[in-house]
Amino acid sequence: MRLHFWRRLLLLPAIATLVAFAPGPATSSTIQPRVLGWVEWAVLEAGDAKVKAKLDSGAKTGSIHAEDIEAFERDGEDWVRFRVPLATRKHASTHDHDLRLERPVVRTVLIKQHKRKSLRRYVVEMDFCVGGLRFTTPMTLADRSRFLYPVLLGRTALENRALIDPARKYRADETCPQ
């Protein structure tokens, strides 16, 4: 009996630690991540265009298929103009036109390729809505023509917003609230 008492006494600090660090009840300020599939419809806020997006927790920064990329300067800052083709993509919306966008350059990244020349890519901020979640995220402008999905959303876009269910596709609502 005495040994049992001492075991309980020794366990009390461990139990107190677990209770102290246990997650509390959700409050109104707590954001609960949504569970999304590994492929979802994404709305590009710039043109209210729907495109299919691959959600990839293995990528830090997202990328978007862009063509006719042209750097220029505006008010002493580096900008880039580019075209997001929508009309010809089978994994894009039913838009009959392409989006032509201009964005300030956030930074450039050097993409190293095995046995090929490294590529420099522009990174710009883009507005998206996925599963009713609106957010702005950095995106590299890339040639994704050989990939099935024109948009890849990485960890930066998904962090604190979404959990990926790798067994599901199109789990979220396609619309975005106004």
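Let us look at the structure shown here. This is a predicted model, so every value here is computed, not measured.

1. What to know about the environment of Val 80
No. 1: For Val 80, the position within the fold is in strand β6 (residues 77–84).
No. 2: The class for Val 80 is buried, based on a relative accessible area of 0%.
No. 3: Along the primary structure Val 80 and Arg 103 are separated by 23 residues, whereas in three dimensions their C-alpha atoms are 5.6 Å apart.

2. Considerations on the layout of surface pockets
In this approach a probe as big as a water molecule rolls over the atoms, and the regions it shows empty are the leftover space.
No. 1: Roughly 460 Å³ of volume is contained in the largest pocket.
No. 2: Looking at the lining of the largest pocket, the elements with two or more residues in it are β8 (107–113), β9 (116–130) and β10 (133–142).
No. 3: Here the lining of the largest pocket takes 5 residues from β9, the largest share from any one element.
No. 4: Each residue belonging to the lining of the largest pocket can be placed in one class, and the counts come to 8 nonpolar, 5 polar and 7 charged.
No. 5: Val 43, Asp 48, Thr 175, Cys 176 and Gln 178 are the residues nearest the centre of the second largest pocket, which is lined by 11 residues in total.
No. 6: Residue composition of the lining of the second largest pocket, by class: 3 nonpolar, 3 polar and 5 charged.

3. Things to note about empty space enclosed by the protein
No. 1: Under the defined criterion, the tally for this structure stands at 1 cavity of 30 Å³ or more.
No. 2: Taken as a whole, the largest cavity encloses approximately 40 Å³ of empty space.
No. 3: Considering the residues around the largest cavity, the lining is formed by Leu 36, Leu 55, Val 130, Leu 133, Phe 135, Leu 153, Ala 157, Leu 158, Arg 161 and Ala 162.
No. 4: Residue assignment for the lining of the largest cavity shows that the elements contributing at least two residues are β10 and α2 (155–158).
No. 5: Its residues assigned to classes, the lining of the largest cavity comprises 9 nonpolar, no polar and 1 charged.

Rules of the game
- Residues numbered from 1 in each chain as written.
- Predicted model: local features only at pLDDT ≥ 70, side-chain atom pairs only at ≥ 80, totals over all residues.
- Heavy atoms only, no water.
- Helix = DSSP H or I, 4+ residues; strand = E, 2+ residues; numbered from the N terminus.
- Buried < 20%, exposed > 50% of the residue type's maximum accessible area, 1.4 Å probe, protein only.
- 1 Å grid on protein atoms, 1.4 Å probe; cavity = no way out; pocket = protein on both sides within 12 Å on 5 of 7 lines; lining within 4 Å.
- Points joined across faces, edges and corners; volume = space filled by probe spheres on them.
- Nonpolar A, V, L, I, M, F, W, Y, C, P; charged D, E, K, R; others polar.

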